[in-house]
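# Close look at the chain arrangement
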Amino acid sequence: MAATTTLGFVLPTGLSPRRGGFRVSLIRCSASPLTTNSTASGLVEKPWNTYDARLVLEDGSIWPAKSFGAPGTRIAELVFNTSLTGYQEILTDPSYAGQFVLMTNPQIGNTGVNLDDEESEQCFLAGLVIRSLSISTSNWRCTKTLADYLTERNLMGVYDLDTRAITRRLREEGSLNGVLSTEQTKTDEELLHMSRSWDIVGIDLISDVSCKSPYEWVNKTDPEWDFNSASRDGASYRVIAYDFGIKHNILRRLSSYGCQITVVPSTFPASEALKMNPDGILFSNGPGDPSAVPYAVETVKELLGKAPVYGICMGHQLLGQALGGKTFKMKFGHHGGNHPVRNNRTGQVEISAQNHNYAVDPASLPGGVEVTHVNLNDGSCAGLSFPEMNVMSLQYHPEASPGPHDSDNAFKEFIELMKRSKQSS
Ligand SMILES: NC(=O)CC[C@H](N)C(=O)O
């Protein structure tokens with residue numbers, strides 16, 4: 001059985017499809033290398049060791065690549081991110097657990113990595129896929145190269161793939177599962193079989209990335225980088241932050257806005273949280289399918305109406321479910337730093353940082369729940385409010401990191417919500 005393609009040659013296979021709609025044949029897709037090991041071309045020698053790798057997607061396409069990170073074989077869902085900068089924040093965003101991130105920006109690695117731009121202490125994503133790795137690293141904050149960083153963290157990274165062709169494929173077919181491998185002993189058929197026998201849907205990815213015990217968070221945004229400080233009145237609010245895979249910049253922004261924060265694990269009982277007498281509760285971002293973590297939805301339900309609550313991304317989806325709504329998997333999601341969002345209350349448009357594959361279905365929400373924000377690219381629900389219970393939530397990332405700061409005001413709105421609730425009690 002063979003499929004015709006203009007991309008390359010076809011390998012016949014006898015594999016049967018895991019889910020409908022895909023051709024089963026393996027199709028080798030090649031991209032002309034942008035880099036060379038030879039100095040004869042006038043280019044300098046690459047300062048990292050390369051070896052052959054393959055990305056095999058569940059639709060049967062095979063993408064030969066060069067590895068610049070850890071060796072091995074990993075399985076994950078492939079998503080593309082359109083951010084031009086901020087690859088280090090993306091690498092350390094725990095919401096990418098279970099996913100390979102393909103950067104559409106063709107050259108990555110130019111600024112290396114530094115200790116300040118980490119969004120968590122670990123990289124939880126399964127691997128980085130790029131077109132070209134910058135041959136030189138130059139930035140005053142840089143402490144090491146991207147290649148060394150990935151290798152030290154045992155993280156796979158590959159380059160020299162046609163990332164534009166893969167992105168078009170993801171936009172047409174939707175997010176695809178795939179296998180990245182540097183192991184030459186594994187056949188294409190084996191890797192295809194692996195990619196088709198796994199699914200990110202229905203897996204609890206939160207428990208692997210959440211903290212194991214409560215801790216206090218005190219760091220603010222460094223004064224050198226802080227902004228929007230004029231309207232802060234110096235009041236202090238006690239916030240419990242549920243860690244479903246929390247990004248540090250959410251905590252830094254809350255702290256800069258005057259919050260004293262206790263971060264608690266995803267399984268922390270609601271009754272214990274209430275004993276701490278919080279002024280507000282934050283439900284954080286986090287990886288994977290919100291329907292795979294019913295225990296978290298139950299916790300959110302128990303806390304609704306007991307204190308003002310603020311949900312960000314996964315937190316927003318869990319709130320949507322706790323309020324009686326449904327979430328669904330999007331075709332290829334939103335991952336980037338330039339998503340226009342309309343605030344329905346003010347009519348203003350914010351350019352936002354986004355990273356999600358699931359969304360709340362507004363039609364499933366009960367009366368009284370207001371859709372406050374809409375993604376203008378596709379009209380999907382980007383924010384909710386349920387004033388009766390002091391609930392607010394955003395599907396995207398007001399903390400940015402990386403991304404524009406247009407939505408930072410949402411932290412101020414949470415402060416106002418806590419302030420009003422305190423005054424009325
Ligand atoms: N950044 C996030 O919190 C992601 C939320 C959820 N895991 C999704 O993919 O939709």
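- In the nomenclature of an unreviewed UniProt entry, the chain is known as Carbamoyl phosphate synthase small chain, chloroplastic of Raphanus sativus.
- In the Catalytic activity (unreviewed entry) part of its UniProt record, the chain is described as follows: "L-glutamine + H2O = L-glutamate + NH4(+)".
- UniProt, in the comment section headed Subunit (unreviewed entry), describes the chain in these words: "Heterodimer composed of 2 chains; the small (or glutamine) chain promotes the hydrolysis of glutamine to ammonia, which is used by the large (or ammonia) chain to synthesize carbamoyl phosphate."

### Concerning a nonpolar patch on the surface
- On the surface, Val 349, Ile 351 and Leu 376 cluster together to form a nonpolar patch covering roughly 220 Å² of accessible area.
- Residue position: Ile 351 is located in strand β18 (residues 349-361).

### Considerations on the site of the ligand
- What surrounds the ligand is a group of 13 residues, the closest being Gly 286, Gly 288, Gln 317, Asn 355 and Tyr 358.
- Taking Asn 357, its main chain carries an N or O atom lying 2.9 Å from an oxygen atom of the ligand.
- Measuring from a nitrogen atom of the ligand, one finds a side-chain N or O atom of His 397 at 3.3 Å.
- Protein coverage of the free-state accessible area of the ligand, which is 290 Å², stands at 97%.

### Considering the packing of aromatic side chains
- Taken as a whole and judged by the stated rule, the model has eight aromatic pairs.
- With a centroid separation of 6.1 Å and an interplanar angle of 25 degrees, the aromatic rings of Tyr 242 and Phe 244 are classed as stacked.
- Summarising the aromatic geometry, the rings of Phe 244 and Phe 283 are spaced 6.5 Å apart at their centres and angled 20 degrees between planes, so their arrangement reads as stacked. One end of the pair, Phe 244, is in the loop between β13 (237-243) and α6 (248-256); the other, Phe 283, is in strand β15 (residues 280-283), with 39 residues separating them in the sequence. Phe 283 shares its class with Phe 244; the two are buried.
- Three or more aromatic residues link up through ring pairs in this structure, and these residues are Tyr 257, Tyr 310, Phe 411 and Phe 414.

### As for the domain arrangement of the chain
- Splitting the chain by domain gives domain 1 (10-196) and domain 2 (206-424).
- Measuring from the centre of the C-alpha atoms in domain 1 to the corresponding centre in domain 2 gives 30 Å.
- Listed by partner, the interface residues are 30 residues for domain 1 and 23 residues for domain 2.
- It is Pro 94, Ser 95 and Glu 119 that lose the most area in domain 1 upon contact with domain 2, and together they represent 27% of the buried surface on that side.
- For the pair domain 1 and domain 2, the interface holds two salt bridges.
- Across the pair Glu 77 and Lys 329 runs a salt bridge whose closest N-O atoms are separated by 2.4 Å.
- Linking domain 1 to domain 2 there are 15 residue pairs in polar contact (both at pLDDT 80 or more).
- Looking at the side of domain 1 that touches domain 2, the elements with two or more residues in it are β5 (73-81), α1 (87-91) and α3 (163-173).

Rules of the game
- Residues numbered from 1 in each chain as written.
- Predicted model: local features only at pLDDT ≥ 70, side-chain atom pairs only at ≥ 80, totals over all residues.
- Heavy atoms only, no water.
- UniProt positions renumbered as here; feature names shortened; annotations may be inferred.
- Patch = residues over 30% accessible without salt bridge, like charges linked within 9 Å, V, L, I, M, F, W, Y side chains within 5 Å.
- Areas by Shrake-Rupley, 256 points an atom, 1.4 Å probe, with all protein chains shown as cover.
- Salt bridge = Lys/Arg side-chain N within 4 Å of Asp/Glu carboxyl O.
- Helix = DSSP H or I, 4+ residues; strand = E, 2+ residues; numbered from the N terminus.
- Near = heavy atom within 4 Å.
- Polar contact = N/O pair within 3.5 Å; in protein donor to acceptor, adjacent residues only side chain to side chain.
- Phe/Tyr/Trp six-rings, centres within 6.5 Å; stacked < 30°, edge-to-face > 60°.
- Buried < 20%, exposed > 50% of the residue type's maximum accessible area, 1.4 Å probe, protein only.
- Domains from an automatic or database assignment.
- Contact = heavy atoms within 4.5 Å.
- Buried area = accessible area lost by both parts, 1.4 Å probe.

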